[in-house]
Number of protein chains: 2
Amino acid sequence: MLPGEDDRRDAVKAILSSGQRELVAELDRLDGGARFGRGRVQLLEDGDVFERAAVAVTSAADSDFFTSGLSVVLHPRNPWVPALRASFRYCESGDAWWFEGAAELLPCYGFAEDAAHFHRVLKNHCDTLDPAFHAQAKRAADDRFRLPHRAEPHGIGGIAFDHLSPSGPHGWRRGAAFTAAGIATIAPAYLPIVRRRRDLAHGERERQWQLHRRGRFVESALFHAASAPRDDAEAVLAALPPLVRWDAGFTPEPGSPEAELASFLVPRDWAGETAAVVG
Amino acid sequence: MLPGEDDRRDAVKAILSSGQRELVAELDRLDGGARFGRGRVQLLEDGDVFERAAVAVTSAADSDFFTSGLSVVLHPRNPWVPALRASFRYCESGDAWWFEGAAELLPCYGFAEDAAHFHRVLKNHCDTLDPAFHAQAKRAADDRFRLPHRAEPHGIGGIAFDHLSPSGPHGWRRGAAFTAAGIATIAPAYLPIVRRRRDLAHGERERQWQLHRRGRFVESALFHAASAPRDDAEAVLAALPPLVRWDAGFTPEPGSPEAELASFLVPRDWAGETAAVVG
């Protein structure tokens, strides 16, 4: 038996709220220096690990359409720690319903070990739904997480799916369970990387590079927000990085770790390369 | 006799190039500390007066469409000096042709004298075309120069027009002449304000407020660029301010000069109020 419309919305609400609660608790513990505020858009500001972190549950509804989702944006203080963006969303339009999801890692410096870990954890999560799903969601992420005006990727990708509506008598429940599991996957996909890099020494050079890379983050966030519903835009704006630099015409010195980022960001099969890369 | 298509495009090119040359020369003289580079997108970086200034001529054409325009973005160093954005553009689509234009002033602090001066000079320019034109272009600017996601204006407006195609045998020439005059109006509308404010003392408080206001500038620039042709996006990106801050949930202290900006930005008839305000 399919749950009715109200039951479905209540079930999604419960999934998003408990996902938000658990992730915020985990990030609070990790940071130590600052704590998240409460509310729909939960923000941690000026922490030890995160300069800004946002975990937001937003909903929008009119007579034809309903959507509710969780979005996560994490801006670390240390330039060696990558930023993270993830969102999971449920939508209804008329009789149709579907789930959406996305997660991507945005490093300032490339670490193959981190990239392999992130993609491997996402792949394991996707495999619980369908062994073919990850390849498709990875490709969609590589296609989407680009700056069209610069013709470059903004991070090392992850997963993206726009219209997941599993068929069969338990289709809706499978979609909802996959969403709950997706939210629960953020911590194991990302936090080990944070722990590994958070205490690496850095100076003004790495800081300036981070502010420069955050410019790319802002561009991608605002380009996407320009086409997003208003409610979502609020969460996007709350999650912009605190300090950002645009260097007109800036190119890193050839051969520098900063210059190497561009080739590191070229899409590859990180999850498949795991053994070779980490071994 | 109407000029032919090629003649028209050449005429526009000459207007934009000489407009760019003259404005760049004037800004170079004013700044003193740095000079513009040459090329299509001319940039001045890290000057005495301007932290970043961009004067760009960009064109795009395919079989159905042609456009060429001049865009100007000026980010002053001193927070008491307002930023400026202006653009003038010519378009052809099939047999149709039209001129577009926009200019707006983006202060961090409200000076009625500056606002009145800016709007008065723009009104005088508009009146040369048609006495009814300014009211219309002013209203269009008030409507357009807003952040829809924040429901607030980003500056004190100016003028905006999207489809100027004067009729009559000399219609095209009138439009072209008005565009040339519009470009030549940037200096008298803006530079007196720069000269008046550029040496006012300021500290960390005013600087941080400026970085915060630049966040609004970036939002508006990227929101508009998201719907602009690629060529334009390049000029927009080159003209983003060098350093920017987003303060999640930040509200200035009630009664402070920073808090007063919000009411200063509410659209009003600055050109009409001149006598009362300045007198």
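Residues numbered from 1 in each chain as written. Chains lettered and ligands numbered in written order. Predicted model: local features only at pLDDT ≥ 70, side-chain atom pairs only at ≥ 80, totals over all residues. Heavy atoms only, no water.

You'll find chain A entered in an unreviewed UniProt entry as coproporphyrinogen oxidase, with Amycolatopsis pretoriensis given as the organism.

Some points on the environment of G168(B)
Along the chain, G168(B) turns up in the loop between β8 (158–164) and α4 (171–197). When the C-alpha positions of G168(B) and W80(B) are compared, they lie 45 Å apart, and in sequence the two are 88 residues distant. (Helix = DSSP H or I, 4+ residues; strand = E, 2+ residues; numbered from the N terminus.)

Details of the packing of helix α5 (residues 204–225) of chain A against helix α5 (residues 204–225) of chain B
In the contact formed by α5(A) and α5(B), the axes pass within 8 Å of each other and the chain directions differ by 60°. On the basis of their axis angle, the class for α5(A) and α5(B) is oblique. For α5(A) against α5(B), the interelement crossing comes out right-handed. Of α5(B), the residues touching α5(A) (which contributes V218(A), E219(A), L222(A), F223(A) and A225(A)) are V218(B), E219(B), L222(B), F223(B) and A225(B). Residue composition of the contact of α5(A) with α5(B), by class: eight nonpolar, no polar and two charged. (Axes fitted to C-alpha atoms, helices over the stretch in contact; angles between N-to-C directions. Parallel < 35°, antiparallel > 145°, perpendicular 65-115°, else oblique. Left-handed = near helix turned anticlockwise from the far one by under 90°. Contact = heavy atoms within 4.5 Å. Nonpolar A, V, L, I, M, F, W, Y, C, P; charged D, E, K, R; others polar.)

Details of the pattern of salt bridges
According to the stated counting rule, one finds 42 salt bridges over all chains in the structure shown. Close ionic contact of D142(B) with K138(B) constitutes a salt bridge, the shortest N to O distance being 2.7 Å. Of the two residues, D142(B) and K138(B) are both situated in helix α3 (residues 133–144); the distance of four residues between them amounts to about one turn of the helix. You can call D142(B) buried: its relative accessible area is 16%. Residue K138(B) is classed as buried on the basis of its relative accessible area of 9%. One network of salt bridges, in which partners are shared, links E113(A), D114(A), R196(A) and R197(A). (Salt bridge = Lys/Arg side-chain N within 4 Å of Asp/Glu carboxyl O. Buried < 20%, exposed > 50% of the residue type's maximum accessible area, 1.4 Å probe, protein only.)

Topic: the pairing of strand β8 (residues 158–164) of chain A
Residue and element names in this part refer to chain A. Within β8, five of the seven residues are buried, which leaves it mostly tucked inside the rest of the structure. Looking at chain direction, strand β5 (residues 96–106) and β8 are connected through five bridges and run antiparallel. Within the sheet, the bridge partner assigned to E104 lies in β8 and is G158. (Pairing = 2+ DSSP bridges.)

Focus on the relation of the copies chain A and chain B
Least-squares fitting of chain A to chain B yields an RMSD of 0.0 Å, with the transformation described by 0.0 Å of translation along the axis and a rotation of 180°. Look at the turn and shift together and you get a two-fold axis relating the two. Minimal C-alpha separation from the rotation axis in chain A is found for V244(A), amounting to 2.6 Å. Taken as a fraction of all interface residues of chain A, those also at the interface in chain B reach 100%, which identifies the copy contact as same-surface. (Least-squares fit on C-alpha atoms with pLDDT ≥ 70 in both.)

Details of the sheet that holds strand β4 (residues 83–93) of chain A
Residues and elements named next belong to chain A. What the six strands build is an open sheet, ordered β1-β2-β3-β4-β5-β8; its pairing is antiparallel. Across the chains shown, the open sheet's two edge strands, defined by having one partner strand only, are β1 (41–45) and β8. Neighbour to neighbour, the strand axes of the sheet diverge by 5° on average, direction disregarded. Sitting on the sheet, helix α4 (residues 171–197) touches β2 (50–61), β3 (65–76), β4, β5 and β8, and the angle it makes with β4 is about 170°. The strands touched by α5 are β2, β3, β4 and β5; relative to β3, the strand with the most contacts, the crossing angle is about 170°.

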